[in-house]
Amino acid sequence: TEAVATDGHYGVTLLPGEYDVYAIPEGPQSNVAVTKTSLTVTKASPQAGKSLIIDPTTQLQGLAVGPDGTQPISGAKVRAIASPEVANSIWIALGLTPPKPLSVEDVVGADGGFVIDVHPGALDVSIRPPDSSGFAWLVRPHVAVEHGIHDLDTMQHPLPAVYEGAVRVDDATMLPNALIQ
């Protein structure tokens with residue numbers, strides 16, 4: 001791992017070969033994405049002028065509506081986070097697991113629409129209405145986002161389901177004041 005200098009230059013010492021290079025922006029860069037590129041190092045020395053071109057973020061857009069299909073879910077939080085993936089322990093030991101897309105969060109507009117800049121990759125996208133709305137969360141897991149504009153179209157929230165029950169320590173003892181999450 002090598003940090004890039006404040007002027008955008010980098011310098012590393014590598015053996016000849018083919019390398020996968022991941023550029024990971026630090027901090028909330030609104031227009032720069034986690035990028036994978038290849039770098040070929042030859043026996044010639046020195047080597048200079050190898051620019052790494054960083055990809056822009058991708059726009060993820062959609063429309064969040066209620067169960068009737070028309071009422072906008074304005075003010076809801078829209079969140080895109082990296083989808084969990086099972087990593088092979090050998091890949092981890094060899095450093096072959098790619099970086100995950102960075103998480104992004106924004107608020108759904110008054111018309112129910114949203115547009116957020118995300119990093120390409122597999123994302124879990126959720127719409128989280130305010131608790132006072134009575135609407136349930138809506139989650140789309142493993143959304144494959146590539147470069148360009150990715151349209152989720154209309155995301156219609158289902159009616160919430162009401163569950164009732166009791167919290168017990170055992171068959172006879174109730175547990176009052178427990179917090180259910």
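Residues numbered from 1 in each chain as written. Predicted model: local features only at pLDDT ≥ 70, side-chain atom pairs only at ≥ 80, totals over all residues. Heavy atoms only, no water.

A.B. asks: For this particular structure, what's the right way to read the overall build of the protein?
C.D. replies: The helix and strand inventory of the protein stands at one helix and nine strands. What you see in the protein, going N to C, is helices and strands ordered as β-β-β-β-α-β-β-β-β-β. Expressed as lengths along the three principal axes of its C-alpha atoms, the size of the protein is roughly 75 × 45 × 25 Å. Each of the 181 residues in the protein was classed as buried or not, and the buried ones make up 24%. In the protein, of all internal contacts separated by at least 6 residues, the share reaching a separation of at least 24 is 59%. When the accessible surface of the protein is split by element, carbon and sulfur atoms take 55% of a total near 12,500 Å². Mean positive and mean negative side-chain charge positions of the protein (9 and 20 charges, respectively) differ by 6 Å. (Helix = DSSP H or I, 4+ residues; strand = E, 2+ residues; numbered from the N terminus. Buried < 20%, exposed > 50% of the residue type's maximum accessible area, 1.4 Å probe, protein only. Contact = heavy atoms within 4.5 Å. Areas by Shrake-Rupley, 256 points an atom, 1.4 Å probe, with all protein chains shown as cover. Lys, Arg positive; Asp, Glu negative; His and termini not counted. Charge placed at Lys NZ, Arg CZ, Asp CG, Glu CD.)

A.B. asks: So what exactly am I meant to see when it comes to the nonpolar core here?
C.D. replies: In a soluble, globular protein the nonpolar side chains are often hidden away together inside. Counting residues in hydrophobic clusters, the biggest one holds 20 residues, and the most contacted among them are Leu-60, Val-118, Val-125 and Ile-127. Put simply, the parts of the chain that give this core at least two residues each are strand S3 (58-65), strand S4 (77-82), strand S6 (113-118), strand S7 (121-128), strand S8 (138-145) and strand S9 (149-156). With sequence-adjacent residues up to four places away left out, Leu-60 is seen in contact with Ala-80, Phe-114, Val-115, Ile-116, Val-118, Val-125, Val-145, His-150 and Leu-152. (Core = buried A, V, L, I, M, F, W, Y, C linked by side-chain atoms within 4.5 Å.)

A.B. asks: I keep staring at the sheet that holds S6 and nothing clicks. Help me out?
C.D. replies: Hydrogen bonds between backbone groups are what pair the strands of a sheet, and the pairing can be parallel or antiparallel. Spatially, three strands are ordered S6-S3-S9 in an open sheet, and the strand pairing comes out mixed. With one partner strand each, in any of the chains shown, S6 and S9 form the two edges of the open sheet. The average angle at which neighbouring strand axes cross in this sheet is 20°, direction not considered. (Pairing = 2+ DSSP bridges. Axes fitted to C-alpha atoms, helices over the stretch in contact; angles between N-to-C directions.)

A.B. asks: Would you explain the environment of His-147 in this entry?
C.D. replies: Looking at the element boundaries, His-147 is found in the loop between S8 and S9. Residues His-147 and Ala-64, 83 residues apart in the sequence, show an inter-C-alpha distance of 22 Å. Excluding anything up to four places from it in sequence, His-147 contacts Asp-55, Pro-56, Thr-58 and Pro-120. Polar side-chain contacts of His-147 include one of 3.4 Å to the side chain of Asp-55. (Polar contact = N/O pair within 3.5 Å; in protein donor to acceptor, adjacent residues only side chain to side chain.)

Function-wise, these values are silent; they only describe arrangement.
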